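Structural overview for review
Below are the chains, spelled out letter by letter.
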Amino acid sequence: MHRMVKTKLSPRQLMILASGFSFGTTPLVLPSSMAKLAGPDVWLSILFGMATGMLFIWIYAKLGELNPDKTFVEDIKLYFGKWAGGLVVVLFIISALVLTDQAVWYMGDFIHTEFVPDFPVLPIHVLFIAVLAFALWCGVETMYRTTELLFAFLFTFIIVAILMLIPNMKPENLLPVMEKGVPPVLKGSILYIASCVLPLVFLNMVYPVCFENVKESKKALFKGYLLGAFTNLITVTVCVIVMGSNLVSNIRFPMFITSKEINIFVIFSRIEAVTFSIWMSVSFISAFSYAYAGIFGLAQLLKMKNYKILVLPIGLLLAVYSLNIYTNTSYQIKWDMTVWPLFSFTLGFILPLVLLIMSIIRKIKGKNPI
Amino acid sequence: MVLIVILLILGFAATLSIVEIPKLLRTKSYKELCVFSLLLALGVVLSILKSLEVEIGNPSDLFAWIYSPLEDIMESLTKKG
Amino acid sequence: MKAKALFVLLILLLFPLLSSCSVRELNTISLVTALGIDKDEAGYMVTYQTLNAKAVASKKSVNESSFFLYTEKGNDLGEIERRTTTQAARKMYFEHVRSVVIGEDVARDGLKEILDYLFRTNEFRSDFYFIIAKGTTANQILSTVTPIQSISGIQLFESIDNSKIWWAPTNSLKTVELINDINAKGKSPALAGVELYQEAEDMATIEKLKDSNPGKLKLTALGAFHNDKLIGWLDESESLALNSITGKVKNSAASVDYDENTHVSLAIKFWKTKIKVSLSDGKPVVNVILSAEMSITTVAGDVDFTDQKKLNKLNSITNKKIIGICKKTLGKAQNELKTDIFGFGESIHRAYPKVWNKLKDDWDTEFTKLQVNFMVDTIIMDMGQNLKSIINEEE
């Protein structure tokens, strides 16, 4: 079996990366869309989404377990054949790169709106992509080790920021519970699953292949997902508790605005730059995961010896498209609400499910050769 | 301004080629060379077009088009409340 | 190794781009400490109170005012802000604004546009207070040089912060709370007012600080809003009732007549409010339970309050008085102002959402019919340093 990956990662690194990825896709923007759909019941949505998400994670984990020396792209090629598989892989790669660009765009848009409105976004994008390219060039191991280091500081900051918001919390913002019944909660859950659970399918490019102990890494995937989901729960709920769901659904960066409210003893105030650094690191983890999936997938599709050669040309393409991957803000909001759930469900549910079923069939057939 | 950007991009592409192509030729990895040159050329062309403000399309539109039949359902599903 | 060096070089080459970022040096911005918004034929007249760093921060005493005002007129706030650059040497920096004073006429028209501007742009933070200028224009308020803290914008902020804790009738709202109150169908906000006190001729100069009793700014009781429009003013006791019902009182003072000859002053501490909603015949009934600890600060009379019975009687007189004030305020809000400034609608919303659903569209009229019960439970904990009145006629 053609195996160009000789990287070795530890399950704990997978756990940390999975949590960062799950938290990092849209932490700054997610509270506002969820508050719009679910109102004050966002915490119920996330809890429900967390529970349902376990099913999806189980699909990814099982798929990896049944094909322990293949990445996701290799699975597609194996089960779908040369031509159909090739087409699906191409779509997968394009999706991965589009999602990377979207992560870059979110970053640039945030900096542009909040910090430097009169500065063009392109240099910001280019800087971000340059660092991304460097991380990709250094390889998965380096990135995962960096994530381990980042994690300690990220998690502490998040907890500290939330503790400092306690004086501003108004628990009555969570009432009334389920005012309009169950449907809004479900809608919120769907959005949550689409944004924070299904992207984890991209980790299947890394997950079974780079680990020696597949069982341990399976557990790590679950643990990482739960940790990320829990962080999501806390941040979104805190946004709503401090600001009220009406206001949260109306603003673009709820987590950032909420952290502007921190004001303890006058000394600990105006520290929203900390939130920004948390978000930038997490966004970087997410962009890296997507980009690695895309570039590595392309290299595997074309049966190349080394994916590193492709990093810079694709980086250039990313930079070019990052400017109008979302034409403008209203396009972004519309795309995120209408196309994204369908898109992530196809990639993150239907595709892995089909592959899983085929893997199981193959395993059964393999045991009883007819 | 536009000229500077185009020059920068060409400079970047040239530097990259100078560094990478001899390496690839030495190891006789022709497939890699092909893919690399193709992608780089694509990137350079697109970025020059972009700086001349020519429309180069939006990949997100591709996916919006794929899922367009279901767009109305999604809109009604994701209405407030 | 060569490739790594190349990477680093590429990234370093991008750094000069950062210098063209909109970085603002301290000597290119002017710090705005307060904003005043008045009405004008053109739309708005905005007064920017900017800090004069020379007067505030230099070691030698400079004979200049510690702040300067820039006034500009225009159609909307964003345009006015930019137009100010025709007068001011530097661009305004709004992250240190401490108070926004809104003229009464603007407040009566509605705060929607102002709030949208202040919240949408990234130049303002959300930790300043909104104040209504009562009986005068915001321009006048901001041009006053105040004693001790000569910048009136900062003085108003600190005054509200202090009187929030020590004198219950004053309170004001910051941006997030104000927006939430305006948006909520079941609550309308109430903002503090400020007026000129001991008006003098030269209140806008530092010359007047040579006088030991200069004219000052004084915070008045609250102005009641209906959604985002100012509709009326409450007086002191009504503001006290409002703040205690909404749970914002920490310390305050009250004075009660024990009997015809005795007058007792009390200090109120640790005020707690509980609002419980119950249903009776499908209609909501609001029960407000106030509890506080009090201590006696003055006894003007001969009554000896070490006697438990007399203390209990004083307790019940105080309770009755507080209930009286609350009922009076409720009456004013229901009958005269017709606006729910207490937030009872929101309490009903939280407790019985289905009932609220039926009432919310017409809450203004429903509120006037709302039945509210008050229960006050106070304990007089201590009496200060004396037992009886210190001046007593010993036989």
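The model shown is predicted, which means the values in this text are computed figures rather than measured ones.

Moving on, we come to the domain arrangement of chain C. All names here are of chain C. Annotation of chain C at the domain level lists domain 1 (26-233) and domain 2 (249-390). Taking the mean C-alpha position of each, domain 1 and domain 2 sit 32 Å from one another. Carbon and sulfur atoms supply 57% of the area buried between domain 1 and domain 2, which totals about 1,400 Å² over both sides. Between domain 1 and domain 2 we count zero salt bridges in total. Counting every contact that joins domain 1 to domain 2 gives seven residue pairs in polar contact (both at pLDDT 80 or more).

Residues and elements named next belong to chain A. With the rule as written, the count across this model stands at 22 salt bridges over all chains. Residue arginine 252 is joined to aspartate 109 by a salt bridge in which the shortest nitrogen-to-oxygen separation is 2.5 Å. Taken together, the residues arginine 252 in the loop between helix 10 (245-248) and helix 11 (254-259) and aspartate 109 in helix 5 (residues 83-114) connect sequence positions 143 residues apart. You can call arginine 252 partly exposed: its relative accessible area is 27%. Put simply, Lys62, Glu65, Lys215 and Lys218 are held in one network by salt bridges that share partners.

The next thing to look at is helix 11 (residues 344-351) of chain C. The element helix 11 of chain C is largely enclosed, with a buried count of six among its eight residues. For helix 11 of chain C, the full list of buried residues reads Phe344(C), Gly345(C), Glu346(C), Ser347(C), Ile348(C) and His349(C).

The packing of two helices is summarised by the inter-axis angle and the distance between the axes. Residues and elements named next belong to chain A. It is at 10 Å that the axes of helix 6 (residues 122-138) and helix 13 (residues 311-322) come closest, and there the two elements cross at 155°. Here helix 13 runs roughly antiparallel to helix 6, going by the angle between their axes. Seen from above, helix 6 lies across helix 13 with right-handed handedness. Judged by residue contacts, Leu122, His125, Ile129, Ala133, Leu136 and Trp137 of helix 6 engage Val311, Leu312, Gly315, Leu318, Ala319 and Ser322 from helix 13.

Now for the pairing of strand 12 (residues 283-300) of chain C. Residues and elements named next belong to chain C. Bridging between strand 11 (residues 263-280) and strand 12 involves 16 bridges; their strand directions are antiparallel. Within strand 12, the residue paired with serine 265 across the bridge is threonine 298. Linking two consecutive strands that pair antiparallel, namely strand 11 and strand 12, is a turn of two residues; a positive phi of about 60° is found at aspartate 281 within it. Sheet topology places strand 12 next to strand 13 (residues 371-382); 11 bridges connect them, and they run parallel. Looking at strand 13, one finds that alanine 292 is bridged to threonine 378.

Each partner contributes residues to the interface: chain C has 27 residues there, and chain A has 30 residues. At the boundary of chain C with chain A, total buried surface from both sides reaches about 2,700 Å², with 62% on carbon and sulfur atoms. On the chain C side of the contact with chain A, Phe7(C), Arg125(C) and Arg350(C) bury the most area, a combined 25% of that side's loss. The interface formed by chain C and chain A holds zero salt bridges in total. Where chain C meets chain A, there are five residue pairs in polar contact (both at pLDDT 80 or more). Classifying every residue of the side of chain C that touches chain A by side-chain character gives 12 nonpolar, eight polar and seven charged.

Parameters and conventions
Residues numbered from 1 in each chain as written. Chains lettered and ligands numbered in written order. Predicted model: local features only at pLDDT ≥ 70, side-chain atom pairs only at ≥ 80, totals over all residues. Heavy atoms only, no water. Domains from an automatic or database assignment. Buried area = accessible area lost by both parts, 1.4 Å probe. Salt bridge = Lys/Arg side-chain N within 4 Å of Asp/Glu carboxyl O. Polar contact = N/O pair within 3.5 Å; in protein donor to acceptor, adjacent residues only side chain to side chain. Helix = DSSP H or I, 4+ residues; strand = E, 2+ residues; numbered from the N terminus. Buried < 20%, exposed > 50% of the residue type's maximum accessible area, 1.4 Å probe, protein only. Axes fitted to C-alpha atoms, helices over the stretch in contact; angles between N-to-C directions. Parallel < 35°, antiparallel > 145°, perpendicular 65-115°, else oblique. Left-handed = near helix turned anticlockwise from the far one by under 90°. Contact = heavy atoms within 4.5 Å. Pairing = 2+ DSSP bridges. Nonpolar A, V, L, I, M, F, W, Y, C, P; charged D, E, K, R; others polar.

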